[in-house]
Amino acid sequence: MDLLIVEPLEAELMQWLESRHEVSFAPGLAQDPRAFRQALYKVRAMIVPASVAIDAQALRHAPVLRAVGRVSAGAENIDLDACARSQVEVVRSRTASAQAEAEFMVGALLSLLRRVPVVGADGVLVGRELGAATVGLLGMAPAARSMSQMLGGFGSRVVGYDPSLHSNDSVWERWRVRPLGLREMLEQADAVCVQLGYFSRYQGLLGERFLQFCKPNQVMVSISHSALFDEVALAEALSSGRIAAAWLDSLEPGSLDLGRPLHGIETLQTTPRLASTTRESRLRSAWTVIKRIDELLTNEPEVPREFRPTIPGAIADLVAGA
């Protein structure tokens, strides 16, 4: 089988793929991990939703797999190291959802700044305007460029921090973002947008070491993996009012359960990965993914089958039909 599709796609895309490859459409496999693994034996490429994890165990069931496509969300539950060892390419678009994510974060900022009041100079509880705010961007992902452009239209001051970019990198000037250290950015920003790509080395980056320096009445919006936050430190910052409100769009299952630090915190709002999920972004992403997979399948050289020599004396049995 050339291609296994577990994530529903637009009819137009399915027709394009079916005209070029042998395709199996089986969305039900997303709810049956055992059946999913059993279906991988002859699959050369697949497109799976965010609910399906691709780990070393799954890859052991896919000896001829060469590509894994992800149309929506990130690749947090895809073991990139295991894929690299198995020479499986992870195919996804890094820019297709940038506009959608930027719009989501701007909308979330507008909502939080207006809905979560602060005490004004006259003692009255009031909302705030985005145009008068300093906005900090944690992570210079593709969405950061769109964010900077949108925030410029409001008149906001935009600062940022990315651990993988030097302060002299030209991207800061091109995207019109002033680079700062993480502590300095948190001290100055009225609002923070977290869009940093997740790697294990960043786990708990936003913990007590830095959250204690948040500017009073700061609001925070995150579309990044929630593992960037230390749950205890975030819960303490929200409960104490050091952070006025937070909106997390990618929260690990169970994080709000009874007994967990974030349970019952009223100033925390969560959504199930809505930032990148729009009709337009999915279509852009899907075309990027399927065209790359088509390229891989079309240009992949045929792998010769294993040759097994015939055992002497067995030829007569084969001729006789044994």
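**Quick notes on the environment of Arg183**
With respect to the secondary-structure elements, Arg183 resides in helix α8 (residues 182–188). Measuring from C-alpha to C-alpha, the distance between Arg183 and Gln87 comes to 39 Å, with 96 residues separating the pair along the chain. For Arg183, the residues in contact, after removing those within four places along its chain, are Phe210 and Phe213.

**Side note on helix α1 (residues 11–18)**
All buried positions along α1 are accounted for by Leu13, Met14 and Leu17. Viewed end-on, α1 has its buried residues packed into an arc of 100°, placing them on one side of the element. Away from the buried face of α1 by more than 90 degrees, exposed residues Ala11 and Gln15 are located. In this structure, the buried residues of α1 make contact with β1 (3–5), β2 (23–25) and α11 (279–299).

**Quick notes on the sheet that holds strand β4 (residues 67–69)**
Taken together, the five strands give an open sheet; going across it, the order is β2-β1-β3-β4-β5, and neighbouring strands pair in parallel fashion. If you trace the sheet from one side to the other, it starts and ends with β2 and β5 (89–91), each paired once. Pairs of neighbouring strands in the sheet enclose a mean axial angle of 15°, with direction left out of account. The sheet contact formed by β1 and strand β3 (residues 45–47) spans three bridges and is parallel. When the sheet's bridge partners are listed, Leu3 is paired in β3 with Ala45. Sitting on the sheet, α1 touches β1 and β2, and the angle it makes with β2 is about 145°.

**A look at the confidence of the model for the protein**
Summary statistics for the protein give a mean pLDDT of 89 and a share of 92% for residues scoring 70 or more. Here residues 302–322 is modelled with pLDDT under 50, and outside its nearest four sequence neighbours on either side it reaches two contacts, counting other chains as well.

Rules used throughout
- Residues numbered from 1 in each chain as written.
- Predicted model: local features only at pLDDT ≥ 70, side-chain atom pairs only at ≥ 80, totals over all residues.
- Heavy atoms only, no water.
- Helix = DSSP H or I, 4+ residues; strand = E, 2+ residues; numbered from the N terminus.
- Contact = heavy atoms within 4.5 Å.
- Buried < 20%, exposed > 50% of the residue type's maximum accessible area, 1.4 Å probe, protein only.
- Arc of directions from axis to C-beta.
- Pairing = 2+ DSSP bridges.
- Axes fitted to C-alpha atoms, helices over the stretch in contact; angles between N-to-C directions.
- pLDDT = per-residue confidence, 0-100.

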